[in-house]
Amino acid sequence: MSRNRRRFFQDAAFFGAGFLGLAESLGGNTPGNDPQTARKTEQGRHPSPHDKKQVAPVPAGPDSFLPMVAPDLANLPHEVDGGVKVFRLVAEPVKRKIAPFKTIDVWGYNGSCPGPTIQVQQGDRVRIIFENKLPESTSIHWHGLEVPIEQDGVPWISQKPIAPGEKYVYEFTVHQEGTFFYHSHGAMQEMMGMIGFFVAHPERTYKPRADHDFGVILQEWAVLPNNSVPNTAAMEYNWLTFNGVSAPAITPMIAKLGSRVRLRIINMGMDHHPIHLHGNQFVLTGTEGGRAPESTWYPMNTVLVGVAQARVVEFEAKYPGSWMVHCHLPHHMMNNMMDLLRDRAIQTANTTDAKALGQMETLAQSVPFEHVHHSPIAENANRVPGFPQDAFMEMGMDDAVVKPETHGLPANWSAGMMGMMTLVRVLPDKEYQEMMKRIAGSKTDEKVEHPHSS
Ligand SMILES: [Cu+2]
């Protein structure tokens, strides 16, 4: 809701029930209350100044919201203090397993890189109690949020840098809806992974409403062989991740056949990423600035997500199947190319396929992923200019990345998946319910919370 509309409803409240009825008929919010004190409970209605007088039925409060699910990332829990949602965020070094055989040393928040997701509702007053456990100063910028200048998180401009070991409290009211980020305002710290989702759900559910809401953070890393620390000054990248994980280790998104799916994608890196969905068309329903009017929507299946942008797309999941969602930059559909080309070089030292396969199996014993499949090559492959080019399409690792969400995928599904690549699995009702049970069952054994979350 715009400030003007909010002000209108605040004024209307003074004029009594007649205007209140008008406000309701316009689909507006309850009459104005300071959001700092208004929201006593999570999903509760705003207290109305008319409550005591009993002159009018109390209008309903904000709709409850469908939380966004960011695969492989946790939500940041919060407490409520006098109507304020209180989050605790800790910046610190993190070890992130981006692939079954690759863990990198990055920086993030609350034991996670990217940081855990903050989800609030438009109108919420939020307080973020922030602690810096990095070896250097930092601050947090609330990307896209219209906050007072002293909350903007830019060192020396709007605040003093937060020194190692220091705490700092941010507090502001979220009057917008949309897909925002929180991130360090140091460029190199950003490239160490210091970013997370800040999602502001609308006071009134978007129309048409979505049944699934997913989120993906795009990042790229330059990690030399035998190193674990990304080179934050690099301009070329060999590891590409969705939510801090590389395919095929990225957890697939599960949607029910016939549902409406929302996908929010944010980019905090050095490259722009054209994100493509197979087998469906989507519409662009929002940007980093919030919801786009429906009159601007048109069909597409690839959305360019530029640096510092958010793109929100929606589609009707009307076709069953495991549909790829991936960055279409060719080098972002592979990882660690040099290592795999080296592996292929070993293989292609032999001209016969059987010998090559033997070599690959020997190699597989030295690294913890399985060589379950071998893409055949021609007898004369070595005499063909340009060979090899398919180095990234032959190593399956189904067992190494198995999880409930991968159940039922065809054997060796993982062989064709690398980098920024995942699946939206659209399942008919019965299979969908079975999948949900399988996922719920696995969650009971899993420790989802991060060490610093309370
Ligand atoms: Cu890309």
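Remember, it's a predicted structure, so these values are computed and weren't measured experimentally.

## Digging into the sheet that holds strand 18 (residues 302-305)
Here's step 1: The strand order 12-21-20-14-18 describes an open sheet built from five strands, whose pairing is mixed. Two strands close off the open sheet at either side, each with one partner strand: strand 12 (253-256) and strand 18. Across this sheet, the average inter-strand angle for adjacent strands is 20°, counted without regard to direction.
Here's step 2: Its contacts with the sheet put helix 7 (residues 429-443) on strand 12 and strand 21 (421-427), and the angle it makes with strand 12 is roughly 140°.

## Details of the packing of aromatic side chains
Here's step 1: Evaluation of the coordinates by the stated rule reveals seven aromatic pairs.
Here's step 2: Here Tyr109 and Tyr182 contribute two aromatic rings whose centre-to-centre distance is 5.2 Å and whose plane-to-plane angle is 70°, an arrangement assigned as edge-to-face. Of the two residues, Tyr109 sits in strand 3 (residues 102-109) while Tyr182 sits in strand 8 (residues 178-184), which places them 73 residues apart along the sequence.
Here's step 3: You can call Tyr182 buried: its relative accessible area is 0%.
Here's step 4: An aromatic cluster is present here, built from Tyr109, Trp142, Tyr168, Tyr170, Phe172, Tyr182 and Phe198 joined pairwise through their rings.

## What about the side chain of Glu314?
Here's step 1: Note that Glu314 resides in strand 19 (residues 310-316).
Here's step 2: Relative accessible area serves as the criterion here: at 1%, Glu314 is assigned to the buried category.
Here's step 3: A polar atom in the side chain of Glu314 sits 2.8 Å from the side chain of Arg260.
Here's step 4: There is a polar contact of 3.3 Å between the side chain of Glu314 and the side chain of Thr285.
Here's step 5: Discounting chain neighbours no more than four positions away, the residues touching Glu314 are Pro208, Arg260, Val261, Arg262, Phe282, Val283, Thr285 and Arg291.

## Brief notes about the sheet that holds strand 6 (residues 140-143)
Here's step 1: Here we have four strands laid out as an open sheet, ordered 4-9-8-6, and mixed in their pairing. Strand pairing shows two members of the sheet lacking a second neighbour, strand 4 (118-121) and strand 6, which therefore form its edges. Averaged over all pairs of adjacent strands, the angle between their axes in this sheet comes to 20°, without regard to strand direction.
Here's step 2: Two strands pair when backbone bridges link them, and strand 6 and strand 8 are joined in this way by four bridges, in the antiparallel orientation. Directly across from His143, in strand 8, lies its bridge partner Phe181.

## A few points about the side chain of Ser259
Here's step 1: Along the chain, Ser259 falls in the loop between strand 12 and strand 13 (260-267).
Here's step 2: Given the relative accessible area of 5%, Ser259 is considered buried.
Here's step 3: Within the local environment of Ser259, its side chain forms a polar contact with the backbone oxygen of Lys256, the two atoms lying 2.6 Å apart.
Here's step 4: Discounting chain neighbours no more than four positions away, the residues touching Ser259 are Asp211, His212, Phe315, Glu316 and Ala317.

## Here's the deal with the coordination of the copper ion
Here's step 1: Looking at the copper ion, one finds its protein donor set to be His273 (ND1), Cys327 (SG) and His332 (ND1), positioned 2.0 Å from the metal centre.
Here's step 2: In the primary sequence, the donor residues of the copper ion line up as H-x53-C-x4-H. Of this pair, His273 sits in strand 14 (residues 273-277) while His332 sits in the loop between strand 20 (321-327) and helix 5 (337-348); the two residues are 59 residues apart in sequence, bridging distant segments of the chain.
Here's step 3: Its relative accessible area of 6% is what places His332 among the buried residues.

## Observations concerning the nonpolar core
In summary, soluble globular proteins display a tendency toward joint burial of nonpolar side chains.
Here's step 1: Counting 36 residues, the largest nonpolar core has Leu218, Leu263, Ile275 and Val303 as its most contacted members.
Here's step 2: Counting residues per element, this core draws most heavily on strand 21, at four residues.
Here's step 3: The residues touching Leu263, leaving out its near neighbours within four places in the chain, are Phe214, Val216, Met253, Arg311, Val312, Val313 and Val325.
Here's step 4: Among the nonpolar cores identified, the runner-up in size contains 26 residues, and Val120, Ile128, Val147 and Phe198 belong to it.

## Focus on the confidence of the model for the chain
Here's step 1: When the pLDDT values of the chain are averaged, the result is 81; 74% of them are 70 or greater.
Here's step 2: For residues 338-351, every residue scores under 50 in pLDDT, and the model assigns this stretch 31 contacts once sequence neighbours within four places are set aside.
Here's step 3: In the model, residues 368-373 has pLDDT below 50 throughout and makes 19 contacts with residues more than four positions away in sequence or in other chains.

## Some remarks on the environment of Gln176
Here's step 1: Its place among the elements puts Gln176 in the loop between strand 7 (167-173) and strand 8.
Here's step 2: In the structure, Gln176 is positioned 26 residues away from Pro202 in sequence and 7.7 Å away in space, judged by C-alpha atoms.
Here's step 3: Excluding anything up to four places from it in sequence, Gln176 contacts Gln122, Gly144, Leu145, Glu146 and Ala200.
Here's step 4: Among the polar contacts listed, one links the side chain of Gln176 to the backbone nitrogen of Glu146, at a separation of 2.6 Å.

## Considerations on unusual backbone geometry
Here's step 1: Omega for the peptide link from Cys113 to Pro114 comes to 0°, which places this bond in the cis form.
Here's step 2: Summarising the element assignment, Pro114 is placed in the loop between strand 3 and strand 4.
Here's step 3: That bond from Lys207 to Pro208 is cis: its omega, -5°, falls within 30 degrees of zero.
Here's step 4: Turning to its location among the elements, Pro208 is positioned in the loop between strand 9 (195-201) and strand 10 (212-221).
Here's step 5: Residue Asp72 is not a glycine yet carries a positive backbone phi of 70°.

## Concerning the pattern of salt bridges
Here's step 1: Tallied over the full model, the rule gives 16 salt bridges.
Here's step 2: When the shortest N-O distance is used, the salt bridge between Glu171 and Arg125 registers 3.1 Å. Note that Glu171 is positioned in strand 7 and Arg125 in strand 5 (residues 125-132), a separation of 46 residues in sequence.
Here's step 3: When salt bridges that share partners are traced, they join Asp213, Arg260, Arg262, Arg264, Arg291, Glu314 and Glu316 into one network.

Criteria and thresholds
Counting restarts for each chain, with residues numbered from 1 along the sequence as it is written. The predicted nature of this model means local features are confined to residues of pLDDT at least 70 and side-chain atom pairs, given and counted, to a pLDDT of 80 or more, with totals for whole chains, interfaces and linings taken over all residues. Side-chain measures were taken over the full set of non-hydrogen atoms in the model, leaving aside hydrogen atoms and water. Note on pairing: two strands pair once DSSP finds at least 2 bridges between them. Numbering goes from the N terminus for both helices and strands, where a helix is a DSSP run of H or I of at least four residues and a strand is a run of E of at least two. Lines are fitted to the C-alpha atoms to define the axes, a helix being fitted only along its stretch in contact, and any angle between axes, read from their N-to-C directions, falls within 0 to 180 degrees. The contact criterion used throughout is that any non-hydrogen atoms of two residues lie within 4.5 Å. Two rings belonging to Phe, Tyr or Trp (six-membered ring only in the last case) form a pair when the distance between their centres is within 6.5 Å. Interplanar angles under 30 degrees mark stacking, angles over 60 mark edge-to-face geometry, and anything in between is tilted. The rule is simple: take the accessible area with a 1.4 Å probe, protein chains only, and divide by the maximum for that residue type; under 20% is buried, over 50% is exposed, in between is partly exposed. Definition of a polar contact: a pair of N or O atoms within 3.5 Å, with one able to donate and the other able to accept a hydrogen when the atoms are protein atoms, and with sequence-neighbouring residues admitted only if both atoms are side-chain atoms. Metal donors were taken as nitrogen, oxygen and sulfur atoms no farther than 2.8 Å from the ion, or 3.2 Å where the ion is Na, K or Ca. Water is excluded, so coordination may look unfinished. We define the nonpolar core as a collection of buried residues of types Ala, Val, Leu, Ile, Met, Phe, Trp, Tyr and Cys that are connected through side-chain atoms lying within 4.5 Å of one another. One number per residue, pLDDT, summarises how confident the predictor is, and it ranges from 0 to 100. Salt bridges are defined by distance alone: a side-chain nitrogen of Lys or Arg within 4 Å of a carboxyl oxygen of Asp or Glu.

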